[in-house]
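# Working through the structure, step by step
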Amino acid sequence: MKIDAVTIFPDYFSPLQLSLLGKAQEQGLVEFGIHDLRSFSTDNHNTVDDTPYGGGAGMVMLPEVWGKALDPLMTHETDLIILTPAGKRFDQPMAASLSTSQHLVFACGRYEGIDDRVRQHYEGKNYRVHEVSIGDYVLGGGEVASLVMIEAITRLIPGVLGNPESLAEESHNEEGYLEYPNFTKPSVWRDLEVPAILLSGNHGEIAKWRAAQAAERAKKNL
Ligand code: 5OB
């Protein structure tokens, strides 16, 4: 998979060189291209934004600069992801769906966002465009949201996880993650004991206990 990101803060993407994602890149399972939006600006001040038509606070990112940055990246195999708090909420099914794409392009807006005609333009040319939010909270821009999505998506690419059993186990669970409480050594820590069932070796009973614990947690955290 090829993953491009366009941003005015390329340094935000240095964590892609670490841990699981760094190894996936070394193995050739994923290739990252990080592009500085400012290098596509056309004036001496490297301007990337301007005041909003209709008035209001903040700045809006210029469509001309975004067009110049995105045009050379877009193909009809591309999924263009525009990060915005007004987008569709990112979840595990969306991560699974995007993990089968050949090419993702993350457009990281700052300020009040990107001129909406950028979305209109690429949708109008029949490119696949997704406006995505990672949750209901305010961020300074799309960079951290992109990192969240990239980590969730790339770990689903075959070969990226060292131990594919953890993926198989996650897939038993609708949301795609483990919800029961976990314990490791020692069996007693600060007078707190690991539940005896987990030391029993009875895998059928352990699975039942974990399912019940997960259900209880899910109810509590709703
Ligand atoms: N808040 N998801 C939640 C987001 C967000 C803010 C963004 C982009 C995606 O940019 C300001």
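Residues numbered from 1 in each chain as written. Predicted model: local features only at pLDDT ≥ 70, side-chain atom pairs only at ≥ 80, totals over all residues. Heavy atoms only, no water.

Across its full length, the protein chain holds 7 helices and 9 strands. Its C-alpha atoms give the protein chain a radius of gyration of 22 Å, clearly above 17 Å, the size a compact globule of 222 residues would have. Dimensions of the protein chain along its principal axes, counting C-alpha atoms only, are 70 × 40 × 35 Å. The long-range share in the protein chain, meaning contacts at least 24 apart out of those at least 6 apart in sequence, stands at 75%. Accessible area for the protein chain stands at about 13,500 Å²; split by element, carbon and sulfur atoms hold 52% of it. Averaging the positions of the 19 positive and the 31 negative side-chain charges in the protein chain gives two centres separated by 5 Å. (Helix = DSSP H or I, 4+ residues; strand = E, 2+ residues; numbered from the N terminus. Rg over C-alpha atoms; globule rule 2.2 N^0.38 Å. Contact = heavy atoms within 4.5 Å. Areas by Shrake-Rupley, 256 points an atom, 1.4 Å probe, with all protein chains shown as cover. Lys, Arg positive; Asp, Glu negative; His and termini not counted. Charge placed at Lys NZ, Arg CZ, Asp CG, Glu CD.)

This next bit is on helix α4 (residues 117-124). Listed as buried for α4 are Val118, Arg119 and Tyr122. On an axial view of α4, the arc spanned by its buried residues comes to 100 degrees, and they lie on one face. Buried-residue contacts for α4 involve α2 (63-70), β5 (78-89) and β7 (128-133). At the C-terminal side of α4, asparagine 126 shows a positive phi close to 65 degrees. (Buried < 20%, exposed > 50% of the residue type's maximum accessible area, 1.4 Å probe, protein only. Arc of directions from axis to C-beta.)

A few words on the sheet that holds β5. Taken in spatial order, the 5 strands of this open sheet run β2-β1-β6-β5-β7, and their pairing is parallel. Of all strands in the sheet, those with a lone pairing partner are β2 (31-36) and β7, marking the two edges. Sheet twist, expressed as the average angle between the axes of neighbouring strands with direction ignored, equals 25 degrees. One ladder, built from 6 bridges, connects strand β1 (residues 2-7) with β2; its direction is parallel. For lysine 2, the partnering residue across the bridge sits in β2 and is glutamate 31. (Pairing = 2+ DSSP bridges. Axes fitted to C-alpha atoms, helices over the stretch in contact; angles between N-to-C directions.)

Our next topic: the nonpolar core. Side chains of nonpolar character tend, in soluble globular proteins, to be buried together. Membership of the largest hydrophobic core comes to 29 residues, with the highest contact counts inside it found for Phe90, Phe106, Met149 and Ile153. Counting only elements with at least two residues in this core, the list comes to β1, α1 (19-26), β5, α3 (92-98), β6 (103-107) and α5 (143-154). At 6 residues, α5 tops the list of elements feeding residues into this core. Every residue in contact with methionine 149, bar those within four places of it in the chain, is listed here: Ile81, Leu83, Phe90, Leu98, Phe106, Val132 and Ile134. (Core = buried A, V, L, I, M, F, W, Y, C linked by side-chain atoms within 4.5 Å.)

Inspection of the region around the ligand gives Leu83, Thr84, Pro85, Ser133, Ile134, Gly135, Tyr137, Leu139, Gly141, Gly142 and Ala145 as its neighbouring residues. Between serine 133 and the ligand, the recorded distance is 3.4 Å, taken from a side-chain N or O atom to a nitrogen atom. Notes on the ligand: free accessible area 300 Å², of which the protein chains cover 95%. Element by element, the count of residues in the shell around the ligand is highest for β5, at 3 residues. Among the residues forming the shell around the ligand, the class breakdown is 6 nonpolar, 5 polar and no charged. (Near = heavy atom within 4 Å. Polar contact = N/O pair within 3.5 Å; in protein donor to acceptor, adjacent residues only side chain to side chain. Nonpolar A, V, L, I, M, F, W, Y, C, P; charged D, E, K, R; others polar.)

Turning our eyes to something else, we now look at the environment of glycine 109. If you trace the backbone, glycine 109 turns up in the loop between β6 and α4. Classification of glycine 109 as buried rests on a relative accessible area of 9%. Between the C-alpha atoms of glycine 109 and aspartate 79, which are 30 residues apart in sequence, the distance is 16 Å. In this view, glycine 109 contacts Met61, Ile114, Gly141, Gly142 and Glu143; residues no more than four positions away in its chain are not counted.

Let us look at a nonpolar patch on the surface. Residues Phe9, Tyr12, Val144 and Val148 make up a contiguous nonpolar surface patch of about 310 Å² in total accessible area. On the secondary structure map, tyrosine 12 appears in the loop between β1 and α1. (Patch = residues over 30% accessible without salt bridge, like charges linked within 9 Å, V, L, I, M, F, W, Y side chains within 5 Å. Salt bridge = Lys/Arg side-chain N within 4 Å of Asp/Glu carboxyl O.)

Right, let's get into the packing of aromatic side chains. Taken as a whole and assessed by the stated rule, the structure comprises 2 aromatic pairs. Pairing tyrosine 122 with tyrosine 127 gives two aromatic rings, centres 5.8 Å apart and planes at 65 degrees, and the pair type is edge-to-face. Assessed through its relative accessible area of 2%, tyrosine 122 is described here as buried. Look at tyrosine 127 and you get buried, because its relative accessible area is 19%. (Phe/Tyr/Trp six-rings, centres within 6.5 Å; stacked < 30°, edge-to-face > 60°.)

Right, let's get into the side chain of arginine 110. Secondary-structure assignment places arginine 110 in the loop between β6 and α4. The class of arginine 110 is buried, set by a relative accessible area of 13%. Excluding its chain neighbours within four sequence positions, the residues that come into contact with arginine 110 are Ile8, Phe9, Tyr12, Met61, Gly140, Gly141 and Glu143.

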